[in-house]
Protein chains: 2
Amino acid sequence: MTEVEETRRPSRRALIGWGGAGIALGAVAAGGAVALTGAGSGTADAAGAGGAVEFHGAHQAGIATPVQDRLHFAAFDVKTDDREEFVRLLKDWTAAARRMTAGKPVGEGAYGGLPEAPPDDTGEALGLTPCRLTLTIGFGPSLFDRFGLRGRRPEALVDLPEFPGDNLEKTRTGGDLCVQACADDPQVAVHAIRNLARIGFGKVAVRWSQLGFGKTSSTTPDAQTPRNLFGFKDGTRNIAGTETDRLAKHVWVGDGDGPDWMSGGSYLVARRIRMNIETWDRTSLQEQEDVFGRDKREGAPVGRAGEHDAPFLKAMKPTAHVRLAHPDANSGITILRRGYSFTDGTDGLGRLDAGLFFLAYQRDVRHGFIPLQRKLSAHDALNEYIQHVGSAVFAVPPGVRDADDWWGRSLFSKEA
Amino acid sequence: MTEVEETRRPSRRALIGWGGAGIALGAVAAGGAVALTGAGSGTADAAGAGGAVEFHGAHQAGIATPVQDRLHFAAFDVKTDDREEFVRLLKDWTAAARRMTAGKPVGEGAYGGLPEAPPDDTGEALGLTPCRLTLTIGFGPSLFDRFGLRGRRPEALVDLPEFPGDNLEKTRTGGDLCVQACADDPQVAVHAIRNLARIGFGKVAVRWSQLGFGKTSSTTPDAQTPRNLFGFKDGTRNIAGTETDRLAKHVWVGDGDGPDWMSGGSYLVARRIRMNIETWDRTSLQEQEDVFGRDKREGAPVGRAGEHDAPFLKAMKPTAHVRLAHPDANSGITILRRGYSFTDGTDGLGRLDAGLFFLAYQRDVRHGFIPLQRKLSAHDALNEYIQHVGSAVFAVPPGVRDADDWWGRSLFSKEA
């Protein structure tokens, strides 16, 4: 394993990672400094592709830090009623996350213990670089029914309402906890979730999990906006990790927002959005472009020439996705999207079980996803081709400050 | 899109791709020449990561060509009884495969047709490099019950027997046809299968499909043997694409093997092997190493120091996986393994639905997978931790020779 060395200079790969924002990275994100590892070769390329993202900071990594290529997201149910045991688990998880994000196995040695004991680490990531692994924890509404936390549930952590067209499966919905693992290699992301689940055995159990891929592509050398599985560029006007003002305004919980333990945190909405791929693929190009309000090849808004030209919303059909979702049509509402495409084999009818695993971070769900989705679920032309089948919401606490800090300390500490 | 330019010099990435064989690539595989694309930057790195693998050759690409990072495998049921229509589909598929493996969209233009028509290509791979995409077709036993093909079914294409411990799910088993799509970017592999399914609409339907990842890692700069989800190195003594003698002996159907239309082809066995991850993770290191017959960290056989040291089989437990599967213990039986790890979320019991999607190519299934699996299914200590839940076997025809040739021509041509 290589040692983590901090640097303020983003690598070429880190620049590529920002393709989703369409903006080259000029400085690292405030409070989420990106630490890059030389990964042996010392080249910028190797550092970016295989390097480590700093685990500590005012905010958790995995929100404003550059988007990696692959995702393994897991929601957990809590199985213990013992607060001390649960706090112990959060501390153990933090220690493991600190090591894994630095490219180290969970145990002090690679296999730490004795031959008679199970290995400290499951081993499949041994010899791999950190691959920009980030691990981000969130607390679901139902967690606050436990451990005497009822009075500490944030008002902003509301249960999501039922939206028109929702067809939620219980087995893909909810969760007391979540961990979002992102990395450039799926083996590294899967390894991380698996080891956290292993450490949590008997105290938590995986409720559901989701793999995602391909919103960005490490194998494509040019920075460009990635395409979703409908073939359209997606994320053209997303918030970039460099835009500290927009992050402060739309993503991070401020000091006055309350409760105090959430300052520097954010709220995460996860939605599994199944796409009716086969229906879409038999739809005319004109209809597809009308539905989105952009042209398919360039991603330019209707009537404009370039992807990044300001959209003229009134030129689009009233039900066009971009027109309905644009901040100008929603009193400025803006969310940070960090979703991934998924393909989970085939359903019983020979259709691909594919779509978008939508992940959005925001300062307050009541002024972010909920009003946006109320509007989209009622009017968006895209609804003919998609269905929301899974849903969850989480309070994402602030970052782990230093080696003594741990996930959730501000929530569980008596003095906070 | 870049143009494909042939070269005999493998790139650095191509060398890395051979990590599974533990042997640096000295020359390209016979009959499956690797064509690399400059991908704009002209560097060896970009060429290898984003380049094109030549579609034409004596053998299909995707067997002896370097292993890519990601897999999307689909089995299809045939829905038409019209032989001419099916042959037309095979020709259309070949044309689409020829273009997609070169990094081009399916249609002549990116979206070819008129605004009133569905696009020729679904678009999500537009702007991406070929990412070493290979597409490999196979014909299942049930295909030969159709189209007057009964007399042309190879004797070597046997229905697999039921092995002890098999727990096969119908929805993951069998198929009239298969296509194996491998690429370094999952978006490219998924795009290819999806577009073939789209072209086949009404004539074929996807029966089941499987995504796979991580037997190699493009983000890891050092060539090394990849690890399976049990944390052990896997594929140390696999056949390398450079070993033309071993390929001729164990993988390619020879001229005298019969039938003629299969000369230069191979036989593929696909098995979805679920791993009981949670049980394994609570097993002692000693037990894990006894089960495999190798040490976990280095991959060295019992009693040896290095991964590539010749194993001393008698030093291993009689039920050790390596001891049972080794060619020396099986009259020299050798298969070319090309499997991928998978993680498909969670089962209803909170356990990861994860394991190995096993793909093995061989000259004759009766002298390859079947005798090996008879032995392993009866004696392998690993059986306590795995279960075979999906199964299929396919005759993989020879390569497409040139721009006029098409998948299955040798099978469907009257004169052949």
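What you see is a predicted model, and the numbers here were worked out from it, not measured in a lab. (Residues numbered from 1 in each chain as written. Chains lettered and ligands numbered in written order. Predicted model: local features only at pLDDT ≥ 70, side-chain atom pairs only at ≥ 80, totals over all residues. Heavy atoms only, no water.)

Novice: Is there a simple way to explain the overall build of chain A in this structure?
Specialist: On a plain count of helices and strands, chain A comes out with ten helices and nine strands. The buried share among the 416 residues of chain A stands at 64%. Considering only contacts in chain A between residues 6 or more positions apart, those separated by 24 or more positions represent 79%. When the accessible surface of chain A is totalled, it reaches about 14,900 Å², and 50% of it is carbon and sulfur. (Helix = DSSP H or I, 4+ residues; strand = E, 2+ residues; numbered from the N terminus. Buried < 20%, exposed > 50% of the residue type's maximum accessible area, 1.4 Å probe, protein only. Contact = heavy atoms within 4.5 Å. Areas by Shrake-Rupley, 256 points an atom, 1.4 Å probe, with all protein chains shown as cover.)

Novice: I tried to follow the packing of aromatic side chains on my own but got confused; where do I start?
Specialist: Ring pairs (aromatic) are described by centroid distance and by the angle formed between their planes. Taken as a whole and judged by the stated rule, the model has 38 aromatic pairs over all chains. Ring centres of B:Phe230 and B:Phe292 lie 6.3 Å apart, and the angle between their planes is 70 degrees; this geometry places the pair in the edge-to-face category. Of this pair, B:Phe230 sits in the loop between β6 (204-213) and α5 (244-250) while B:Phe292 sits in helix α7 (residues 285-292); the two residues are 62 residues apart in sequence, bridging distant segments of the chain. Assessed through its relative accessible area of 1%, B:Phe230 is described here as buried. Aromatic rings pair up to connect A:Phe230, A:Phe232, A:Trp280, A:Phe292 and A:Tyr385 into one cluster. (Phe/Tyr/Trp six-rings, centres within 6.5 Å; stacked < 30°, edge-to-face > 60°.)

Novice: Would you mind showing me how to read the relation of the copies chain A and chain B here?
Specialist: The relation between the two copies of this chain is a rotation about an axis and a shift parallel to it. Structural alignment of chain A on chain B gives an RMSD of 0.0 Å, achieved by rotating through 180 degrees and translating 0.0 Å along the axis. Interpreted geometrically, this transformation is the action of a two-fold axis. Taking the C-alpha atom as reference, chain A places A:Asp344 closest to the rotation axis, 3.3 Å from it. (Least-squares fit on C-alpha atoms with pLDDT ≥ 70 in both.)

Novice: Please clarify how the pairing of strand β11 (residues 386-396) of chain B should be interpreted in this entry.
Specialist: On a regular strand, one side chain projects to one face of the sheet and the next to the other, so that they alternate. Residues and elements named next belong to chain B. For β11, the buried fraction is high: ten of the eleven residues fall into the buried class. One ladder, built from ten bridges, connects strand β7 (residues 266-275) with β11; its direction is antiparallel. The partner of Leu268 across the bridge, within β11, is Phe394. (Pairing = 2+ DSSP bridges.)

Novice: Would you mind showing me how to read the pairing of strand β3 (residues 70-78) of chain B here?
Specialist: All names here are of chain B. Here β3 lies mainly inside the structure; nine of its nine residues are buried. Burial along β3 is two-sided: the residues Arg70, His72, Ala74, Phe76 and Val78 and Leu71, Phe73, Ala75 and Asp77 are all buried. With seven bridges joining them, β3 and strand β5 (residues 177-183) adopt antiparallel strand pairing. Within the sheet, the bridge partner assigned to Phe73 lies in β5 and is Gln180. Pairing of β3 with β6 involves nine bridges; the strand directions are antiparallel. Considered in β6, the bridge of Arg70 is made with Phe213.

Novice: I'm lost on the UniProt feature "domain: Dyp-type peroxidase C-terminal" (unreviewed entry) in chain A in this one. Help?
Specialist: UniProt feature "domain: Dyp-type peroxidase C-terminal" (unreviewed entry): in the numbering of this structure it lies at residues 225-400 of chain A. Between the first and last C-alpha atoms of residues 225-400 of chain A the distance is 31 Å; the span itself is 20% helix and 23% strand. (UniProt positions renumbered as here; feature names shortened; annotations may be inferred.)

Novice: Sorry if this is basic, but what is going on with the interface of chain A and chain B here?
Specialist: Accessible area lost on assembly of the parts is the figure often given for the size of an interface. With 64 residues of chain A in contact, the opposing surface of chain B contributes 64 residues. With both sides pooled, the region where chain A packs onto chain B buries about 5,300 Å², and carbon together with sulfur makes up 57% of that total. Counting the contacts that link chain A with chain B gives two salt bridges. The partner of A:Arg194 in a salt bridge is B:Asp281, and the shortest N-O contact between them spans 2.7 Å. Our count for the contact surface shared by chain A and chain B stands at 18 residue pairs in polar contact (both at pLDDT 80 or more). (Buried area = accessible area lost by both parts, 1.4 Å probe. Salt bridge = Lys/Arg side-chain N within 4 Å of Asp/Glu carboxyl O. Polar contact = N/O pair within 3.5 Å; in protein donor to acceptor, adjacent residues only side chain to side chain.)

Novice: What is the right way to read the packing of helix α3 (residues 83-101) of chain A against helix α4 (residues 186-199) of chain A from this model?
Specialist: Helix-helix packing is characterised by the crossing angle of the two axes and by the distance between the axes. All names here are of chain A. Where α3 contacts α4, the two axes come as close as 10 Å, and the packing angle between them is 155 degrees. Overall, the two elements α3 and α4 adopt an arrangement that is roughly antiparallel. Regarding α3 and α4, the two cross each other, and that crossing is right-handed. Residues Leu89, Asp92, Trp93, Ala96 and Met100 of α3 pack against His191, Ala192, Asn195, Leu196 and Ile199 of α4. Partitioning the contact of α3 with α4 into residue classes produces seven nonpolar, two polar and one charged. (Axes fitted to C-alpha atoms, helices over the stretch in contact; angles between N-to-C directions. Parallel < 35°, antiparallel > 145°, perpendicular 65-115°, else oblique. Left-handed = near helix turned anticlockwise from the far one by under 90°. Nonpolar A, V, L, I, M, F, W, Y, C, P; charged D, E, K, R; others polar.)

Novice: Is there a simple way to think about the nonpolar core in this case?
Specialist: Generally speaking, nonpolar side chains in soluble globular proteins are found buried as a group. One finds A:Phe86 and A:Trp93 to be the most contacted residues of the largest nonpolar core, which totals 76 residues. With eight residues, the top contributor of residues to this core is α3(A). Residues contacting A:Trp93, with those up to four places away along its chain left out, are A:Phe76, A:Ile137, A:Leu177, A:Val179, A:Leu196, A:Ile199, A:Gly200, A:Val204 and A:Trp407. Residues B:Leu89, B:Ala181, B:Phe358 and B:Ile386 belong to the second largest nonpolar core, which totals 75 residues. (Core = buried A, V, L, I, M, F, W, Y, C linked by side-chain atoms within 4.5 Å.)

Novice: Could you clarify how one ought to interpret the environment of A:Ile386 in this entry?
Specialist: Residue and element names in this part refer to chain A. Residue placement: Ile386 occurs in strand β9 (residues 386-396). On the accessibility criterion, Ile386 (15% relative accessible area) is buried. Remark: the alpha-carbon pair of Ile386 and Leu349, spanning 37 residues in sequence, is separated by 16 Å. Dropping the residues within four chain positions of it, Ile386 is found in contact with Phe230, Ile273, Arg274, Met275 and Asn276.

Novice: Even after reading the chapter, I still don't get the confidence of the model for chain A, so can you show me in this structure?
Specialist: Any region with low pLDDT has predicted coordinates that should not be read closely. Mean pLDDT over chain A: 85, with 84% of residues reaching 70 or higher. If you check the scores for this complex, the pTM reads 0.87 and the ipTM reads 0.85. (pLDDT = per-residue confidence, 0-100.)

Novice: Would you explain helix α9 (residues 369-379) of chain A in this entry?
Specialist: Structural remark: α-helix, 3.6 residues per turn; residues separated by three or four positions point the same way. Residues and elements named next belong to chain A. Of all the residues in α9, the buried ones are Phe369, Ile370, Leu372, Gln373, Leu376 and Ser377. Each buried residue of α9 lies within a common arc of 155 degrees when the element is viewed along its axis, so the set occupies one face. Turning to α9, the residues buried within the fold contact β5 (266-275), α8 (321-325), β8 (352-362) and β9. (Arc of directions from axis to C-beta.)

Novice: Can you help me understand the environment of B:His56 in this one?
Specialist: All names here are of chain B. In this structure, His56 sits in the loop between α2 (44-50) and β3. Taking C-alpha positions, His56 is 20 Å from Gln362, a pair spaced 306 residues apart along the chain. With sequence-adjacent residues up to four places away left out, His56 is seen in contact with Arg98, Val400, Arg401, Asp402 and Ala403. A polar contact of 3.1 Å, which involves the side chain of His56, links it to the side chain of Glu54. Within the local environment of His56, its side chain forms a polar contact with the side chain of Arg98, the two groups lying 2.9 Å apart.

Novice: Explain the environment of A:Met275 here, please?
Specialist: All names here are of chain A. Relative to the helices and strands, Met275 is located in strand β5. For Met275, a relative accessible area of 5% puts it in the buried group. Taking C-alpha positions, Met275 is 10.0 Å from Thr343, a pair spaced 68 residues apart along the chain. With residues up to four places along the chain from it excluded, the contact list for Met275 reads Asn228, Leu229, Phe230, Ala354, Gly355, Leu356, Tyr385 and Ile386.

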